[in-house]
Amino acid sequence: MLNVSTKDLVPSPVGPVDVEQAEAALVERYPRLVRIAYLVLPPSLGRNRRVLTAHALVQRSLPRRRVAGPSVPEPRLAEDAVDPGYAYVRSEVLRQALVAGLPLRRLALPSRAQFPPLLPHVWGLRLFPRVGGADELALDQRLSRLSGPGRAAYVLRGLERQGDAEVLRVLAAAGVADPAAALAEADALDGAPELPGEGPGGALPPDGGGAGPEGGAAAEPGGPGRSGAGGAGGDRPGPDASGRPDLPGHGGPGPRRSGAALLESDEFDPCALQARPTDLLRRRQHARAGIVAVAALLVCGALLGLPGDGWGRNGAAAPSYARNPAAEAALDPGALKRVDPAVWPASTRQDFSVWPARGALTGDRALLRRALAVWARPGASVRSSATPGTPVGPPMGPPQLLFAGVVDGARVVILHDGLRAVRYAEPVGGTAGAALDFARTDGADAVGSAALVLSRAAGNVRYLTAPWVRETSVRDLLAPGEEARPLGRDAVGVTEPMTSPALAKGCTRWNTLQVRDGSGLRMLADLGELAPARLLWGPPAAPADATGPEAREAWARTACQLSAVRAHGVRSVNAWRFARQPLPEGAGSGTWLCTRAETWRGTGSRVLAQFLIPSSSVPAALAARSEGSPACGVRDPRVLAGVLWQAPGGGWYVLAAGSPDFTALETSGGVKGRSDGPLLAVKAAAGARADLAGTLPDGTRVRALR
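Attention here is on the structure that accompanies the text. (Residues numbered from 1 in each chain as written. Predicted model: local features only at pLDDT ≥ 70, side-chain atom pairs only at ≥ 80, totals over all residues. Heavy atoms only, no water.)

Digging into the side chain of Arg50
At step 1: Within the secondary structure, Arg50 is located in helix 3 (residues 47-59).
At step 2: As a buried residue without a salt bridge, Arg50 has its nearest oppositely charged side chain in Asp140, at a separation of 4.0 Å.
At step 3: Only 2.6 Å separates the side chain of Arg50 from the backbone oxygen of Tyr38, close enough to count as a polar contact.
At step 4: Sequence-distant contacts of Arg50, that is, excluding residues within four places in its chain, are made with Tyr38, Leu39, Leu41, Pro42, Pro43, Leu45 and Asp140. (Helix = DSSP H or I, 4+ residues; strand = E, 2+ residues; numbered from the N terminus. Buried < 20%, exposed > 50% of the residue type's maximum accessible area, 1.4 Å probe, protein only. Lys, Arg positive; Asp, Glu negative; His and termini not counted. Salt bridge = Lys/Arg side-chain N within 4 Å of Asp/Glu carboxyl O. Polar contact = N/O pair within 3.5 Å; in protein donor to acceptor, adjacent residues only side chain to side chain. Contact = heavy atoms within 4.5 Å.)

Looking at the state of the cysteines
At step 1: Here the structure, examined in full by the defined rule, presents two disulfides.
At step 2: A sulfur-sulfur distance of 1.8 Å marks the disulfide that ties Cys507 to Cys560. Measuring the twist about the S-S bond at about -95 degrees, one finds the Cys507-Cys560 disulfide to be left-handed. In this pair, Cys507 sits in the loop between strand 12 (498-499) and strand 13 (511-517) while Cys560 sits in the loop between helix 14 (549-558) and strand 17 (570-582), placing the two residues 53 residues apart along the sequence.
At step 3: Since its relative accessible area comes to 28%, Cys507 is described here as partly exposed.
At step 4: One disulfide bridge connects Cys594 with Cys632, the sulfur atoms lying 1.6 Å from each other. An S-S torsion of about 120 degrees defines the bridge between Cys594 and Cys632 as right-handed. Remark: Cys632 occurs in the loop between strand 20 (621-627) and strand 21 (640-646) and Cys594 occurs in strand 18 (residues 589-599); sequence separation between them is 38 residues. The same class applies to Cys594 and to Cys632, which are both buried.
At step 5: Sequence-ordered numbering of the disulfide-bonded cysteines in the chain gives the connectivity 1-2, 3-4. (Disulfide = S-S within 2.5 Å.)

A word on the pattern of salt bridges
At step 1: According to the stated counting rule, one finds 27 salt bridges in the structure shown.
At step 2: The salt bridge involving Asp332 is made with Arg365; its shortest N-O contact spans 3.7 Å. Here Asp332 is found in the loop between helix 12 (325-330) and helix 13 (365-376), whereas its partner Arg365 is found in helix 13, with 33 residues between them in sequence.
At step 3: Here Asp417 makes a salt bridge to Arg420, at a shortest N to O gap of 2.7 Å.
At step 4: By relative accessible area, which is 3% here, Arg420 ends up buried.
At step 5: Residues participating in the shared-partner salt-bridge network are Arg32, Arg90, Glu160 and Glu264.

Let's talk about the pairing of strand 19 (residues 606-612)
At step 1: By the criterion of burial, strand 19 is predominantly enclosed, with seven of the seven residues buried.
At step 2: Residue alternation in strand 19 divides its side chains into two sets, Arg606, Leu608, Gln610 and Leu612 and Val607, Ala609 and Phe611, and both sets are buried.
At step 3: Pairing analysis gives seven bridges linking strand 18 to strand 19, with the strands arranged antiparallel. Bridge pairing in strand 19 places Leu593 opposite Gln610.
At step 4: As consecutive antiparallel partners, strand 18 and strand 19 are separated by six residues, and within that stretch Gly602 has a phi angle of approximately 95 degrees, a positive value.
At step 5: Summarising the sheet, strand 19 and strand 20 pair through six bridges and their orientation is antiparallel. Paired with Gln610 across the bridge in strand 20 is Leu622. (Pairing = 2+ DSSP bridges.)

Some thoughts on the nonpolar core
At step 1: Counting 46 residues, the largest nonpolar core has Val40, Val58, Leu94, Leu143 and Leu171 as its most contacted members.
At step 2: Elements supplying a minimum of two residues to this core: helix 1 (19-28), helix 2 (30-40), helix 3, helix 4 (84-100), helix 5 (134-144), helix 6 (148-158), helix 7 (164-173) and helix 8 (179-190).
At step 3: Beyond its immediate sequence surroundings of up to four residues, Leu143 is in contact with Leu39, Arg151, Tyr154, Leu189 and Leu263.
At step 4: Counting 35 residues, the second largest nonpolar core, distinct from the first, contains Val412, Val447, Met498 and Leu524. (Core = buried A, V, L, I, M, F, W, Y, C linked by side-chain atoms within 4.5 Å.)

Points about the packing of aromatic side chains
At step 1: One pass over the structure, following the stated rule, counts seven aromatic pairs.
At step 2: Grouped by ring-pair contacts, the aromatic residues Trp576, Phe578, Trp592 and Phe611 constitute a single cluster.
At step 3: In this structure, Arg50 packs its charged tip against the face of Tyr38, placed 4.0 Å from the ring centre.
At step 4: The aromatic ring of Trp355 is capped on one face by Arg358, whose charged end is 5.0 Å from the ring centroid. (Phe/Tyr/Trp six-rings, centres within 6.5 Å; stacked < 30°, edge-to-face > 60°. Lys NZ or Arg CZ within 6 Å of the ring centre and 35° of its normal.)

Things to note about the packing of helix 2 against helix 6
At step 1: At their nearest, the axes of helix 2 and helix 6 sit 9 Å apart, and the two run at 140 degrees to each other. When the axes of helix 2 and helix 6 are compared, the crossing they make is right-handed. On helix 6, the residues touching Ile36, Leu39 and Val40 of helix 2 are Gly148, Arg151, Ala152 and Val155.
At step 2: When the residues that make up the contact of helix 2 with helix 6 are grouped by side-chain class, the tally is five nonpolar, one polar and one charged. (Axes fitted to C-alpha atoms, helices over the stretch in contact; angles between N-to-C directions. Left-handed = near helix turned anticlockwise from the far one by under 90°. Nonpolar A, V, L, I, M, F, W, Y, C, P; charged D, E, K, R; others polar.)

Below is the structure:
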């Protein structure tokens, strides 16, 4: 009766379900959900495994992402007055419980629910609910004769008070192939004769408790969606004012309770448990066998790990850095590559490969040897960091020496191996507290190799600039009207300290390094890495350095968003104004910006869509963000984003804008609207949510950035 295909659940007719909404429903109704799973699981599993499996199934019922509802919501029914999050989690619990009751087949791929749960797991104890009376025992025996879908139908109708129509729909959503047959099984259980030995004060009477004229009492009203007339499966006890069934008793002499009332008893509550020990003698035998097995495994591992022809840990490799010419050269300070200062002016390329070796300690062989050794084999006391995607292994050969000197009370060495820039620092008074930083710099051009971070101390940063840099200054991105302040350098290109935004906790100012080389001004930002990021402005196909007045005005309102790409291996950040939009109610014009951060490794780029209102003192509002998207880049310069905006008069609107190649925009969901062209403004309510899509000239539909 159970359809165990991997198709998605039938969406809830009441709309989509968020992960947070499902989690809240699971936590709030956890005892009820575990009781449902316990009742639907087959009794053949045993009470201990049923308890643990019921908890495991409920805890695994959260969706991994937002569960979409139907594109057009269906009409609401009376039985739909249930929280969508709870309805989704309950359906997941039923589906897993039904799968857990299926037998394992030799050729079929088993499901996770069919195996004993890994978590929760209990060692040395057996857990089971409290023991009930004869009524509960009789009901458990009757439920054991039903199939899994039949038990699910009985529980939904008796415990959840659902009508036939809702039971059929929930069973179908849980993967039951024939919900009507399952409902018929539940009806047959209510109308079945008493088992041998069942009698007054013990077993369930027919028709769920003997309601009806012949039972000596008038027919009681049924639960939601159920008729109050007599008949098999037709009578259901109604709840009293507290929401609990109005039939008292707990087995033994006295009034007999219906099956719906018995489902609420402690006999079927896997959250109120009793504990007993497992087989102590067998456990002792297993512990001894485990100790013997571990000892044997250790002996075999020691024998296999002995050095020899291919059986050692390193196989055929020689001992580390011994009798290996390339490894020995990489650790020899005398083999370091040193570029003469006269090379770069005549070179056809300008990058790190033509940086001369600078600093007062370039001849300190002991310092250079320590730096190379720590690079190759950093100890446990070394504080090491690397930008994402940067390998941290030893150099493949002798690296290039860029700098060695004393900076801010530390001896600093900067090396380069063609792929990475590596910074080694140790205190002047000793080697304790050494630091090692890696940054990927492959493919760096003249601007990408214009500066490297030399030191960070007391909230300040010092740079080592390239030999072709003619002038350095400090510019605060948040103050576009102020002139850049000159930043002094010494004879080898080390700048004076400047305040760094990478170490700041707030965003009251954002200092950048402005450098002038032979072709113009460049803007570099410290994002907490060894290599600063280049700031650009303009369309993706032809960006320029963000040094002009328009670029500085835009960056002044978006600079604080740079904190979203700190320590991400960023090579450059480009901001682009892709649309201007007249605002409703005559509120002026809004500006849409797309900011894209490119990385040295080529992957993991981050894209931010931002909206600027006319007031220049208000920072940009983040409309959308994405990681790994090609939007706003050279390969895909298109972008589409929207925000919920409140006009000065108090009205709310959904504003959306796309790059110029969009021919139409459309919103759906909570707010519906359409416009021709790349701009859209639709009146909405506060807190409204909408889905946004756009159309390109060839008819292709593109969703908003996310």
